[in-house]
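Summary of structural features
Below, each chain spelled out in residue letters.
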Amino acid sequence: AHRGCHGNGGNGGNGGYGTPVGADGGDGGTGGIGGTGEAIAGTTHTTGALSATANAYGGHGGFGGGGGYAQGPATSGDGGDGGAGGDAIADASTTGGTSGYARAYALGGTGRAGANAGTVYTSGGVTATRGVTGAGSDGGDASATASGSSATSMRLDVDAYGGAGGSSTDGSAGMGGDAMAAGSTTTAGTVDVDVYSYAGDGGSSTHGTAGSGGDASLGTVYGESTTGANVDVYGYAEGGKGGAGLSGGSADGANGVSTALDGAVDGSTTGALALRQGARGGNGGYSHGGDAGDGGSASSSLDRDKSVASFYQRVEAWGGAGGHQYDAGSTGGSGGDASVNSAASNDNGSLTMYSYSQAGAGGQGQYGSDGGAGGAAMADTSGSTDGDGQSINIDTDVRGGNGGAAYYAGAARTGGVGGSAVSSSWGMASGDSAVNVNDDARGGNGGGVSSNGLGDGGAGGDANSTAYSETATSQNSVAYSYAYGGNGGTGLGDGAVSGTGGDASANATAVGSG
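Described in the following lines is the structure provided in the data block. (Residues numbered from 1 in each chain as written. Predicted model: local features only at pLDDT ≥ 70, side-chain atom pairs only at ≥ 80, totals over all residues. Heavy atoms only, no water.)

Moving on, we come to the overall build of the chain. Looking only at helices and strands, one finds 0 helices and 33 strands in the chain. In the chain, the proportion of contacts linking residues at least 24 apart, taken out of those at least 6 apart, comes to 78%. Counting 14 positive and 45 negative side-chain charges, the chain places the centres of these two groups 8 Å from one another. (Helix = DSSP H or I, 4+ residues; strand = E, 2+ residues; numbered from the N terminus. Contact = heavy atoms within 4.5 Å. Lys, Arg positive; Asp, Glu negative; His and termini not counted. Charge placed at Lys NZ, Arg CZ, Asp CG, Glu CD.)

Rendered as structure tokens:
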């Protein structure tokens, strides 16, 4: 095992006082940059159980120094910028042995807050001018990779976390750090690969600019068994959350960061193969005096053709939630959209597929604001097999995001509309094989008005579902299609109207020869 840590950046010094009257205050110093943490762990042996663990931690940035005060006809010192978080790099590998385990963990350092400008005082009827607040700095990036091979089994566990951005009262907050994770193995035995990438969140601000979250990505995510043993591969990426606009200020909440995965995972064996891939958008930041941030979208696509004893493919996407709104007369952030495209075939065995698409909920509107709209969700799933006895089972679930509720409205406000859901599933067997297809689409519910609020509920989202199954013989061919329009939100108060429910359309077709 190897643990790689690096030192934190030093804090910036405070600026000197503005004395005598009329002298400017000194500027605060910039915080130091956190050091890069790097951990590399590797082991090689011909026998035994091998294990390698690499943990890397980027150093935190230093805090900015405060500006010095000023009095009378002068300017107080600027606050120092926060120091950036250090990067983290982890790499673990094993080679040989009867079994292997490689674990890589990387955590980027936290970006620190910018310091406030110096205090201003009045002297002789003249008030000093306030200096500039320091900027928050970016969180450190994280990179984690693992690899290995062995005689009987190999497991890879990989986690990368970008560091959070630093805050700033009046200036620009820092961005969240990026994250990249990867894991790859070709081995003689069973294979289990789990890879996760989480981007850092953006920093908050009161009167300035909230920071954006970081980007999350996957490198190579792959598992192969040369002896036909079971292979299970999972890759997941989550975009960073947008920074918040804090209470008492006018800053907007930042939007959540979108995440898109296209063919990020793969594997090979002649036995049982499972491929799983998930993408999640970051949540939008809330706001007390500006606009709330929207949730980031999520897109997950995977298209694989295999020749294995059994094949399981799971593809998922989650849109980020919209930020809550706490300022009267505005609107909660919109939920992020979610989309899944999954296609697969197997010419040597059974095929099982699962798709899940969940759009983000709209942000709440509080103290006289409207609720945000829920995001739209869609999924398209299609699978096929060629030979006899190669059954197909497909399940697809799609959920539109719920509209945000309006709380403590005080005046006529409206709940957010629910997001739509559109889903389709197709299963086709050209041999003597059974086919079972289930497709379920549900529109998001409209946001209601509650807790001493006054206003109309939001409309529910529409839903559309299509299921199609086909077999070339007299084997069972079953198609189920379910569609549920979202419920309208509940209105509250004299003359208020509840939202209309969403429309629903379901279409199922089953085809066989006998």
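Turning next to unusual backbone geometry. In this structure, tyrosine 367 is a non-glycine residue whose phi angle is positive, near 55°. Summarising the element assignment, tyrosine 367 is placed in the loop between strand S22 (365-366) and strand S23 (377-385). Taking the relative accessible area as the measure of exposure, tyrosine 367 reaches 47% and is therefore partly exposed. (Buried < 20%, exposed > 50% of the residue type's maximum accessible area, 1.4 Å probe, protein only.)

This next bit is on the sheet that holds strand S31 (residues 463-471). If you trace the 7 strands from one edge of the open sheet to the other, you get S15-S18-S20-S23-S27-S31-S33, paired in parallel fashion. At either end of the open sheet lies a strand with only one pairing partner, and these are strand S15 (259-262) and strand S33 (504-511). When strand polarity is set aside, the average angle formed by the axes of neighbouring strands in this sheet is 0°. (Pairing = 2+ DSSP bridges. Axes fitted to C-alpha atoms, helices over the stretch in contact; angles between N-to-C directions.)

Here the focus is the pairing of strand S14 (residues 231-238). Among the 8 residues in S14, 7 count as buried, and that is most of the element. Note: strand S12 (residues 190-198) against S14, 8 bridges, orientation parallel. Across the sheet, the residue bridging to tyrosine 196 is tyrosine 236, located in S14. Pairing geometry for S14 and strand S17 (residues 272-280), over 8 bridges, is parallel. Each bridged residue has a counterpart across the sheet, and for glutamate 238 the counterpart in S17 is arginine 280.

In this fold, threonine 186 is placed in strand S11 (residues 179-187). You can call threonine 186 partly exposed: its relative accessible area is 38%. Residues threonine 186 and glycine 248, 62 residues apart in the sequence, show an inter-C-alpha distance of 56 Å. In this structure, threonine 186 is in contact with Gly148, Ser149, Tyr222, Glu224 and Thr226, ignoring residues within four places of it in sequence.

Under the criterion given, the structure shown has 15 salt bridges. Among the ionic pairs, aspartate 370 bridges to arginine 413, the shortest N-O distance being 3.1 Å. Of this pair, aspartate 370 sits in the loop between S22 and S23 while arginine 413 sits in strand S26 (residues 412-414); the two residues are 43 residues apart in sequence, bridging distant segments of the chain. An identical accessibility class is assigned to aspartate 370 and arginine 413; each is buried. Here arginine 399 ties to aspartate 397 by a salt bridge, and the two come within 3.7 Å at their closest N and O atoms. Taken as a pair, arginine 399 and aspartate 397 share a single burial class, namely buried. (Salt bridge = Lys/Arg side-chain N within 4 Å of Asp/Glu carboxyl O.)

Another point: a negative patch on the surface. Among the surface-exposed residues, Asp87, Asp138, Asp141, Asp178 and Asp215 lie close enough to one another that they form a single negatively charged patch. With a relative accessible area of 45%, aspartate 215 lands in the partly exposed category. (Patch = residues over 30% accessible without salt bridge, like charges linked within 9 Å, V, L, I, M, F, W, Y side chains within 5 Å. Areas by Shrake-Rupley, 256 points an atom, 1.4 Å probe, with all protein chains shown as cover.)

This paragraph deals with the packing of aromatic side chains. Any two aromatic rings considered together are summarised by their centre-to-centre distance and by the angle between their planes. Going through the model one piece at a time under the given rule, you end up with 13 aromatic pairs. With centroids separated by 6.3 Å and ring planes inclined at 5°, the aromatic side chains of tyrosine 196 and tyrosine 198 adopt a geometry described as stacked. A relative accessible area of 24% means that tyrosine 196 is categorised as partly exposed. Among the aromatic residues, ring-to-ring pairing joins Tyr57, Tyr105, Tyr161, Tyr196, Tyr198, Tyr234, Tyr236, Trp318 and Tyr356 into one connected group. (Phe/Tyr/Trp six-rings, centres within 6.5 Å; stacked < 30°, edge-to-face > 60°.)

What follows covers the side chain of serine 204. Within the element layout of this structure, serine 204 appears in the loop between S12 and strand S13 (216-225). Contacts of serine 204, omitting those with residues within four sequence positions, involve Ser167, Ser168, Ala173, Ala244 and Leu246.

With that settled, the discussion passes to the sheet that holds strand S25 (residues 406-407). The 3 strands are arranged S22-S25-S29 in an open sheet whose pairing can be described as parallel. Of all strands in the sheet, those with a lone pairing partner are S22 and strand S29 (449-450), marking the two edges. Both S25 and S29 contribute to a ladder of 2 bridges, which runs parallel. Looking across to S29, one finds that alanine 406 is bridged to valine 449.

A few words on a nonpolar patch on the surface. Nonpolar side chains collect at one region of the surface, where Tyr480, Tyr482 and Tyr484 lie side by side and expose about 290 Å² of accessible area between them. With respect to the helices and strands, the residue tyrosine 482 is situated in strand S32 (residues 477-484).

So far we have only geometry, and geometry alone does not tell us how the molecule works.
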